[in-house]
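Chains, contacts and geometry: an overview
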Amino acid sequence: MGEPRPKYIHTSESGVWDKPSDLNNVETWANVPLIIDKGSDWFTSIGTEGSKGTKIFSLVGKVNNTGLVEVPMGTTLKEIIYDIGGGIPEGKKFKAVQTGGPSGGCIPEEYLDTPVDFDELAKLGSIMGSGGMIVMDEDTCMVDISRYFVDFLCDESCGKCVPCREGLKGVRKILNDIVAGRGKEGDIELLEEIGDVMSEASLCALGKTAANPILSTIRYFRDEYEAHIEEKRCPALVCKDLISYYIDPERCNACRLCLKNCPADAIDGEKKLIHIIDQSKCVKCGTCFDVCPPKFSAVKKISGEPVPPPIPEEKRVLVKDKKSKGGQK
Amino acid sequence: MNEVTLEIDGRKIKVEKGLTILEAAKGIGIDIPTLCYHPLVSPSGACRLCSVEVERRGRKNIVTSCVYPVEEGLVVNTKSPEVIKVRKMIIELLMARSPNVKIIQDLAQEYGIKETRFELEDETCILCGLCTRICEERVGVSAINFINRGVNRMIEGPLEDHLGTNLSDMCIGCGACAYVCPTGTIGLEDLYKKIRSSFPFGTVEERTFGRRSGEDEVLGIYKNCYAVRSKKEDILERAQDGGAVTSLLAYALESGMIDAAVITVADNSWEPTTKVATSYDDLKEGAGTKYTFYPSGIGISEAVNKGYEDIGFVGTPCQTEGLRKILTSNQPYSIGKEKIKLLVGLFCLDTFKQELMGFINDKITRLGEVGKLDIKGRDLNIYEKNGEMHAVPLSDIEGYVNKGCFACTDFSSELADISIGSVGSDMGWSTVITRTDRGVALLEGAINDGYVEAKELKDLKLLIRLAKIKRKRAKKETGTTRP
């Protein structure tokens, strides 16, 4: 079974047959012929003080142009995401970019001018890692994304060392609780504490970086964690247990589109009768929200506030005014 | 330069190059807690509890001391606030996983952790991997392994068969895993009950002797029985009875039949350990019976690693059975079985747990004074080096008996080349049963070269009675006769 071994003696000192060995990944090796061909001066003229040459990123997520991009070290995040990636689709707002794969950190908008190299990413709590670059827009909940990556790492960890295996298990439970509205005071501090030990004491780089998504989202989006824990509110309206769908009676046109598409039969109404979501039946799939015609936009997603009471039966009958765009009593 | 100077907790020390920080610290009495470390196997760095802080070229790092090699000028702090923080978190995490495991409870108490903030589980296994490592590295069997990964990692082995891999088929029941298990998850008694009662005795017997023993052959298949006595005075002094084991092995070594013998010796606190004996002087150290359990089979890998080609082994019935299973199997055991040339089996009814020695030390006499132990009649006799003798009734120490042995059907090491014990011969003589041609050659050679004297043994009543008692007890314990 493939498992990391603790290696305090580096491969470059003693590796295969106890001889100094060169162990590198494909991307590094691919640079070698070019350096031999064009010389080290040429190579070192590209990049930053601490990181020479170019870097290939896999630009994905909420960005117009996705794919592999090769840029000189030191190119800013903004250049990569906006100039090359073409910005965020559908006019949405940028929220964060995660670099380095699942165990990278999430970097917020204020650092978009950061030149990307090893040192700068480390300063921001992230890594170059596998060269992954996931762009997230305003519809991303940072607590949920952190939970998502931790979930992934729970399976991807080999499970050999205690901080990584048991630490991820502990973190996963806490994050699952927070996104389900069961977060409690002290959770954020405990996540920081355990993340700190995972980074410091895990056996291999996976464990040492596994806490990055947690620690970086707490660092830059602490208010989102607090909203989940204290107000039971998901500001990005993502966490199912913390959001509700509700039909605005002022805007409902009783078109029955949501009613027909609801997989849980949670919507009550008929032609000319304003629709109402039965909250006890709603599975929060968001289908009603998606199918409600934009000209009505009657279905609302709310979080951290009570669902308004359904309108009285006698007021549900729709009197249609042909010129009106929205619904009307 | 084969020495390096380093500083541990403010103390400058000079140690041998190649040691780990953990070993160097232990050498000057600094205790670093460990869970997945055991001197019998290679370090794995899995529990991270032995984390310490090292400073080199002005940079501080947390490293695991069980694998980090000492180096010149290294500054080590084994108790810095950073180190304590890491250890506390590890213990708190393990407290959640295994709240009812004693070593975890003890660590929590030592580090002042009253309760864990994580969700409680009730696992007994802490996944330290000592069992998998000793089975692979020292026994050469690999009947225990990790399965799954990440948070779902668990142990698959003779006692835990999640995937239906039937690793108990590979298991030789040596008990090494139980010996190193720090939590008691692999209990020797459970393991013995399962493995001894499912040991493919008939198959191994057939492969060894060409036939299976009949129901009434309670001493197994053999060629002859003798009363044997050493002709070496110094052996007789320490040996139980006739000193046959030591003398026969001395002949085997000196005649070139074997170039190393794996024997079991006891240290000052009567804790057994194996020794690779290559000379008469080495053998003398092993003379005398050790009554507590030890997985002596792990000594074979040591002999193989030291480069010996013809290895002899002395052990209890269960140990010789296990090795005979390996020798006659076509499974891919990695022990180096072509190098095992001689199996000398002992007579055995059951073994004691190591706790017995604590009892003797506390209640009878300091273990350091004890020169020899033997069982005569209904007493355990403890002989002090100054000649004084204490007789402890066996009924008083019943609680220390390793009950796993109750599942064993073999009194006289039926699968060995030659079996040796005290029962059945007069005082001062050992009973020897020859079983294979190699066993016969060993005894005949030793007689001819003046190592031992022997007379044929006619009266086997007592031997047969004990063998029957053992089989009857096993049947009662496991409900099965020999599989």
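Everything in this summary refers to the structure shown in the same document. (Residues numbered from 1 in each chain as written. Chains lettered and ligands numbered in written order. Predicted model: local features only at pLDDT ≥ 70, side-chain atom pairs only at ≥ 80, totals over all residues. Heavy atoms only, no water.)

Let us now look at the sheet that holds strand β16 (residues 418-421) of chain B. All names here are of chain B. Here eight strands make up an open sheet; going across it, the order is β10-β9-β11-β12-β16-β17-β8-β18 and the pairing mixed. Unpaired on one side and paired on the other, β10 (272-277) and β18 (452-456) mark the two borders of the sheet. Ignoring which end each strand starts from, the neighbouring axes of this sheet average 30° apart. Sheet analysis places strand β8 (residues 224-230) next to β18, joined by five bridges and oriented antiparallel. Across the sheet, S230 pairs through a bridge with V452, a residue of β18. Across the sheet, helix α12 (residues 317-327) lies against β11 (311-315) and β12 (340-346), angled at about 155° from β12, the strand it touches most. (Pairing = 2+ DSSP bridges. Helix = DSSP H or I, 4+ residues; strand = E, 2+ residues; numbered from the N terminus. Axes fitted to C-alpha atoms, helices over the stretch in contact; angles between N-to-C directions. Contact = heavy atoms within 4.5 Å.)

Residues other than glycine seldom take positive phi values, yet E90 of chain A does so here, at roughly 55°. On the secondary structure map, E90 of chain A appears in the loop between α3 (77-84) and β3 (94-99). Accessibility expressed as a relative area gives 74% for E90 of chain A, which makes it exposed. The phi angle at S142 of chain B is positive, at roughly 55°, despite the residue not being glycine. Residue placement: S142 of chain B occurs in the loop between α4 (130-139) and β6 (145-147). (Buried < 20%, exposed > 50% of the residue type's maximum accessible area, 1.4 Å probe, protein only.)

Before going further, it helps to spend a moment on α3 of chain A. Each α-helix winds once per 3.6 residues, and so residues spaced three or four apart point in a common direction. Residue and element names in this part refer to chain A. L77, I80 and I81 are the residues of α3 that are buried. One side of α3 holds all its buried residues, which, seen down the axis, span an arc of 85°. Tucked into the core, α3 has its buried residues touching β1 (54-61), β2 (67-72), β3, β4 (106-108) and β5 (132-137). Positive backbone phi, approximately 75°, marks G86, located one or two places after α3. (Arc of directions from axis to C-beta.)

So, about the interface of chain B and chain A. A common way to report how large an interface is uses the accessible area buried once the components associate. Taken together, the contact pairs 32 residues of chain B with 32 residues of chain A. Across the interface of chain B and chain A, roughly 2,800 Å² is buried in total on both sides, 60% from carbon and sulfur atoms. Of all residues in chain B, R48, V151 and R153 of chain B bury the most surface against chain A, accounting for 22% of the area lost on that side. Where chain B packs against chain A, one counts seven salt bridges. A salt bridge links K85 of chain B to D196 of chain A; the nearest nitrogen and oxygen atoms lie 2.7 Å apart. Counting every contact that joins chain B to chain A gives 18 residue pairs in polar contact (both at pLDDT 80 or more). Where the side of chain B that touches chain A is concerned, the elements lending two or more residues are β4 (59-64) and α2 (81-97) of chain B. (Buried area = accessible area lost by both parts, 1.4 Å probe. Salt bridge = Lys/Arg side-chain N within 4 Å of Asp/Glu carboxyl O. Polar contact = N/O pair within 3.5 Å; in protein donor to acceptor, adjacent residues only side chain to side chain.)

Every buried residue of helix α13 (residues 355-364) of chain B is listed here: L356, M357, F359, I360 and N361 of chain B. Buried residues belonging to α13 of chain B abut β13 (370-376), β14 (379-384) and β15 (389-393) of chain B.

To continue, consider the nonpolar core. Counting residues in each nonpolar core, the largest one holds 101 residues, and the members touching the most others are L191 of chain A together with V141 of chain B. Filtering out sequence-adjacent residues up to four positions away, L191 of chain A remains in contact with V171, I174, L175, I178, I214, L215, I218 and Y225 of chain A. (Core = buried A, V, L, I, M, F, W, Y, C linked by side-chain atoms within 4.5 Å.)

The next subject is a positive patch on the surface. Together, R256, K260, K271 and K272 of chain A line one region of the surface with positive charge. Topologically, K271 of chain A is positioned in the loop between β7 (267-270) and β8 (273-277). (Patch = residues over 30% accessible without salt bridge, like charges linked within 9 Å, V, L, I, M, F, W, Y side chains within 5 Å. Areas by Shrake-Rupley, 256 points an atom, 1.4 Å probe, with all protein chains shown as cover. Lys, Arg positive; Asp, Glu negative; His and termini not counted. Charge placed at Lys NZ, Arg CZ, Asp CG, Glu CD.)

Looking now at the packing of aromatic side chains. A full pass over the atoms with the stated rule returns 11 aromatic pairs over all chains. The interplanar angle of 55° and the centroid separation of 6.3 Å between the aromatic rings of W42 of chain A and F43 of chain A together place this pair among those described as tilted. We classify F43 of chain A as buried; its relative accessible area is 16%. Between Y192 of chain B and F293 of chain B, the aromatic rings sit 6.1 Å apart at their centres with planes inclined by 85°, giving edge-to-face as the arrangement. Of this pair, Y192 of chain B sits in helix α6 (residues 188-198) while F293 of chain B is found in the loop between α10 (280-286) and α11 (298-305), placing the two residues 101 residues apart along the sequence. The same class applies to Y192 of chain B as to F293 of chain B, namely buried. When the ring centre of F289 of chain A is taken as reference, the NZ or CZ atom of K301 of chain A above it lies at 5.2 Å. (Phe/Tyr/Trp six-rings, centres within 6.5 Å; stacked < 30°, edge-to-face > 60°. Lys NZ or Arg CZ within 6 Å of the ring centre and 35° of its normal.)

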